[in-house]
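Each chain, letter by letter, is given below.
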Amino acid sequence: MGPVESLRHFIPELVLLGGAFTAFFLDFLLKNKRLVGYFALLTIVAAACLLKAPPKESLDLFYGFFHLDGFANLFRVLALIAVAATILIAFGFSPLRDRYEGEFYGLFLFMAFALITVAAANNLLMIFLSVEFVSILSYLLAGFLKNDLKAKESAVKYLLFGSVCSAVMLYGMSLLFGAAGSIDLPAIARVVDSPAMKPLGMIGLLCFFVGLGFKISMAPFHMWAPDVYEGAPTPVTAFLTVAPKALGFAVLMRVLASVFGESYRDWRQVLMWLSILTMTLGNLTAISQTNIKRFLAYSSIAQAGYILMGLAVFPSPLGKDGVLIYLFAYLFTNLGAFAVVSSVGDRTGSDEIASYSGLSERAPVSAALMTVFLLSLTGIPPLAGFLAKYYVFAAAVEARFITLVVVAAVNSAVAAYYYFRVIRTMYLVPADQPALPKPPVSAAAVTWLMAAGVLGIGLFPGFFIKLILG
Amino acid sequence: MDILNFGIKVGIYALMAGTLVLAVGVVTLRNLFHSALCLAATLIGTAALYLVFHAEFLAAVQILLYVGAVVTVIIFAIMLTEHIAERSVAQRNRQSLPALLGILVLIAVTGRILLKTPWAVNPATVGARVTVADLGAALMGTYVFPFELVSVILIAALIGAVIVAKKEKSS
């Protein structure tokens, strides 16, 4: 479809782009930067309202460079929810005041646009461009509080690690392009399917694992995650643990599904071991953490391991559904947990787990909601995390990946130990500090919304599964 | 004619090898200034390779943008930063040796696979000459979406760079 006809289906993205530029302009005019944030939020709501139900057959907008199908539409929704929640969390984050707050919201509108292009990327050029777009914005946002030493360190580490991983992925792409003479995924699939081309296809696939494994913090490419998640401003951390990871999974699913078909069944073994490695490393290291952001960073690495379970069995539809449901459950759970961390950290001035002692008396609502999110991360019914875990476990059992199921079950038990440790600190350790003031309305609102999502998915699974899977 | 072809081939391989050696220099030399000069030379070598493959426009852009602008800025930054030009920093640590071994194995495996792969050659593209006008038409036609996306990426990166570089009000 040519560019002019395409614009008709591209309205939400245009609204986001126009909103981003207007936000920077408003930042010039307005003294109260919070208004720019409200405008950014309004833009996202407008874009969300303009989202149309996905067409039955996919639309190839702009000569196929923006591939709009049900899958892309789903991730459009996910991206908009993640960005809107992040902006709400940022409203209650005081270190951001007087530090380019307006630009912060503007960059997040660009981020929403970037995430959507990732979801709709269907050829090598667009995959690389859009993933880099998200990465560049992530580096910037991680180091946004530039007077903070940890933030600086995290941004530089993120940049160096990300550039190397992108370079490796680009090399793999160049090989695939050289073999197929085309950047389109279906054309590449036809070429690498022949036995003579299989070793080359394998290299290309491994390079994809490096580049996208970095985005989803898959072991052994997870080393950046704890430092970046600890150093970045808390709202940015909340965002980074969810959205780029989900979109990384989206690209990986698209590449695996459309390029590497039946003849590449060996990669399932590779993915299975990577999944085991990721969840085990994440869980074992999370046990000894004392900083809540670092703790949730390792927990998010472990969660990536569980999501990979659904990918390891990939050609099975159950695995694909499992990944999608897990990503949505994880979106609400982790954003909610970080909303609490951000608002508690803002009021106590510390991100240490020790400062959560007696939180049930000092801030009963925050403590109760945090408990809900931690229980959902553990996978306790009737919360969203349980449904998600149920799906990926079912997919692994169906594919007869018994080793994977056993390891994942043991891992879940280990994870329960350290999640409950935080709950114990909040409820059983006596408070040694005074009660906390009430959180700002925005922070309370986003926490309650995320809790509603977690409980909603858990209590009405049928409704949400239909909504997500169509 | 055979000798001529042979000479051209040797020349091209020498060019590739030289570019690679210079690239190794970028990441091993102990002096930052020397590394930057090596980087400039590497980029010129790459531009020469583009010329060999009949991508004249790309070669010109490569020299203009990378050698002319990017490396110049890097060298300026090195010279304007105090005590950074004459200092020598070791670019290796205790993990260099295991990393080197791993890379050698990787190169061996990849090289073997690349040599065994039957690369398809499209006869239509062998003699094809792409003019600047063709490139422009493609960028404004089929490739208009990625082209515009790159502009958005550049604007976002530019805004971010200004924020990172700007002095902050003391808090």
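Here the structure is a predicted model, which means the values were calculated and not measured.

Trainee: Help me get a handle on helix α13 (residues 292-312) of chain A, residues and values and all.
Mentor: Residues and elements named next belong to chain A. In this model α13 runs 30 Å from its N-terminal to its C-terminal C-alpha over 21 residues, within 8% of the 30 Å that 1.5 Å per residue would give. Within α13, 21 of the 21 residues are buried, which leaves the element mostly enclosed by the surrounding structure. N-capping of α13 is provided by N291, with a side-chain oxygen placed 2.8 Å from the backbone N of K293.

Trainee: So, empty space enclosed by the protein: which residues are in play, and what are the values?
Mentor: Residue and element names in this part refer to chain A. As enumerated under the stated definition, the model contains 5 cavities of 30 Å³ or more in all. Forming the boundary of the largest cavity are Q303, Y326, A329, Y330, T333, S376, L377, G385, A388 and K389. Elements that contribute at least two residues to the lining of the largest cavity include exactly α14 (317-348), α16 (364-378) and α17 (384-398). For the lining of the largest cavity, the leading source of residues is α14, giving 4 residues. Counted by class, the lining of the largest cavity contains 5 nonpolar, 4 polar and 1 charged residues.

Trainee: Give a detailed account of the packing of helix α5 (residues 101-119) of chain A against helix α7 (residues 144-165) of chain B, specifying residues and quantitative values.
Mentor: Contact pair α5(A) / α7(B): the axes reach a minimum separation of 11 Å and the direction vectors enclose 150 degrees. Relative to α7(B), the element α5(A) lies roughly antiparallel. Classified by chirality, the crossing of α7(B) by α5(A) is left-handed. Residue-level inspection shows E103(A), L107(A), F110(A), F113(A) and T117(A) of α5(A) in contact with α7(B), the latter providing F145(B), L149(B), V152(B), I155(B), A156(B), I159(B) and I163(B).

Trainee: Describe unusual backbone geometry, naming the residues involved and giving the relevant values.
Mentor: Residue and element names in this part refer to chain A. With an omega of 0 degrees, the peptide bond between A219 and P220 qualifies as cis. Along the chain, the position of P220 falls in the loop between α9 (198-215) and α10 (224-231). The residue after P381, namely P382, is reached through a cis peptide bond having omega 5 degrees. Examined against the element boundaries, P382 turns out to sit in the loop between α16 and α17. Even without being glycine, S217 reaches a positive phi, approximately 50 degrees. Relative to the helices and strands, S217 resides in the loop between α9 and α10.

Trainee: Let's hear about the layout of surface pockets: which residues, and what values?
Mentor: A volume near 560 Å³ is recorded for the second largest pocket. D27(A), K33(A), Y100(A), E103(A) and K166(B) are the residues nearest the centre of the second largest pocket, which is lined by 21 residues in total. Listing elements by their share of the lining of the second largest pocket, those giving two or more residues are α2 (11-29) and α5 of chain A together with α7 of chain B. Tallying contributions element by element places α2(A) first for the lining of the second largest pocket, with 4 residues. The residue makeup of the lining of the second largest pocket, split by class, is 7 nonpolar, 1 polar and 13 charged.

Trainee: A description of the interface of chain B and chain A should follow, citing residues and the corresponding values.
Mentor: Often the size quoted for an interface is simply the accessible area lost on bringing the parts together. Counting from both sides, the interface comprises 30 residues of chain B and, opposite them, 36 residues of chain A. Summed over both sides, the interface of chain B with chain A buries roughly 2900 Å², with 80% coming from carbon and sulfur. Looking only at chain B, the three residues that lose the most surface to chain A are F145(B), I163(B) and E168(B), adding up to 25% of its buried area. Our count for the chain B to chain A interface comes out at 0 salt bridges. For the side of chain B that touches chain A, the secondary-structure elements that each account for two or more residues are α4 (96-116) and α7 of chain B.

Trainee: Help me get a handle on the nonpolar core, residues and values and all.
Mentor: Counting 191 residues, the largest nonpolar core has F75(A), F110(A), F133(A), L256(A), F260(A) and L311(A) as the members making the most contacts within it. A total of 17 residues in this core trace back to one element, the largest contributor, which is α14(A). With residues up to four places along the chain from it excluded, the contact list for F133(A) reads F110(A), F113(A), A114(A), L149(B), V152(B), I153(B) and A156(B).

Trainee: Give me the lowdown on the packing of aromatic side chains, citing residues and values where you can.
Mentor: Residue and element names in this part refer to chain A. Within the structure shown, the criterion is met by 28 aromatic pairs over all chains. Aromatic pair F91 and Y105: ring centres 5.6 Å apart, planes at 70 degrees, arrangement edge-to-face. You can see F91 sitting in helix α4 (residues 70-91) and its partner Y105 sitting in helix α5, a full 14 residues away along the chain. This pair shows no difference in class: F91 is buried, exactly as Y105 is. Where F161 meets F214, the ring centres are 6.1 Å apart and the plane angle is 15 degrees; that geometry is what we call stacked. Remark: F214 occurs in helix α9 and F161 occurs in helix α7 (residues 149-180); sequence separation between them is 53 residues. You can call F161 partly exposed: its relative accessible area is 26%.

Trainee: So, the side chain of R362(A): which residues are in play, and what are the values?
Mentor: All names here are of chain A. Mapping R362 onto the fold places it in helix α15 (residues 359-362). No salt bridge is formed by the buried R362; its nearest oppositely charged neighbour, D432, is found at 5.2 Å. Within polar-contact distance, the side chain of R362 engages the side chain of Q433 at 3.3 Å. For R362, the residues in contact, after removing those within four places along its chain, are T348, S355, Y356, S357, A431, Q433, P434, A435 and L436.

Trainee: Quick rundown of the domain arrangement of chain A? Include the residues and the values.
Mentor: Residues and elements named next belong to chain A. Annotation of chain A at the domain level lists domain 1 (1-263) and domain 2 (265-470). The distance between the C-alpha centroids of domain 1 and domain 2 comes to 22 Å. Opposite the 50 residues of domain 1 that make contact, domain 2 presents 42 residues. When residues of domain 1 are sorted by the area they lose upon contact with domain 2, L74, F249 and M253 head the list and together hold 14% of the total. Inspection of the region where domain 1 meets domain 2 yields 3 salt bridges. The salt bridge involving K198 is made with D266; its shortest N-O contact spans 3.5 Å. Run the count over domain 1 and domain 2 and you get 10 residue pairs in polar contact (both at pLDDT 80 or more). Put simply, the parts of the chain that give the side of domain 1 that touches domain 2 at least two residues each are α4, α9, α10 and α11 (234-258). The element best represented in the side of domain 1 that touches domain 2 is α11, accounting for 14 residues. In the side of domain 1 that touches domain 2, the residues fall into 35 nonpolar, 10 polar and 5 charged.

Trainee: For the state of the cysteines, give the residues involved together with the corresponding values.
Mentor: All names here are of chain A. Overall, the coordinates contain 0 disulfides over all chains when judged by the stated rule. With no disulfide of its own, C165 has C207 as its nearest cysteine by sulfur position, at a separation of 11 Å. For C165, a relative accessible area of 4% gives the class buried.

Parameters at a glance
Residues numbered from 1 in each chain as written. Chains lettered and ligands numbered in written order. Predicted model: local features only at pLDDT ≥ 70, side-chain atom pairs only at ≥ 80, totals over all residues. Heavy atoms only, no water. Helix = DSSP H or I, 4+ residues; strand = E, 2+ residues; numbered from the N terminus. Expected span 1.5 Å × (residues − 1). Buried < 20%, exposed > 50% of the residue type's maximum accessible area, 1.4 Å probe, protein only. Polar contact = N/O pair within 3.5 Å; in protein donor to acceptor, adjacent residues only side chain to side chain. 1 Å grid on protein atoms, 1.4 Å probe; cavity = no way out; pocket = protein on both sides within 12 Å on 5 of 7 lines; lining within 4 Å. Points joined across faces, edges and corners; volume = space filled by probe spheres on them. Nonpolar A, V, L, I, M, F, W, Y, C, P; charged D, E, K, R; others polar. Axes fitted to C-alpha atoms, helices over the stretch in contact; angles between N-to-C directions. Parallel < 35°, antiparallel > 145°, perpendicular 65-115°, else oblique. Left-handed = near helix turned anticlockwise from the far one by under 90°. Contact = heavy atoms within 4.5 Å. Buried area = accessible area lost by both parts, 1.4 Å probe. Salt bridge = Lys/Arg side-chain N within 4 Å of Asp/Glu carboxyl O. Core = buried A, V, L, I, M, F, W, Y, C linked by side-chain atoms within 4.5 Å. Phe/Tyr/Trp six-rings, centres within 6.5 Å; stacked < 30°, edge-to-face > 60°. Lys, Arg positive; Asp, Glu negative; His and termini not counted. Domains from an automatic or database assignment. Disulfide = S-S within 2.5 Å.

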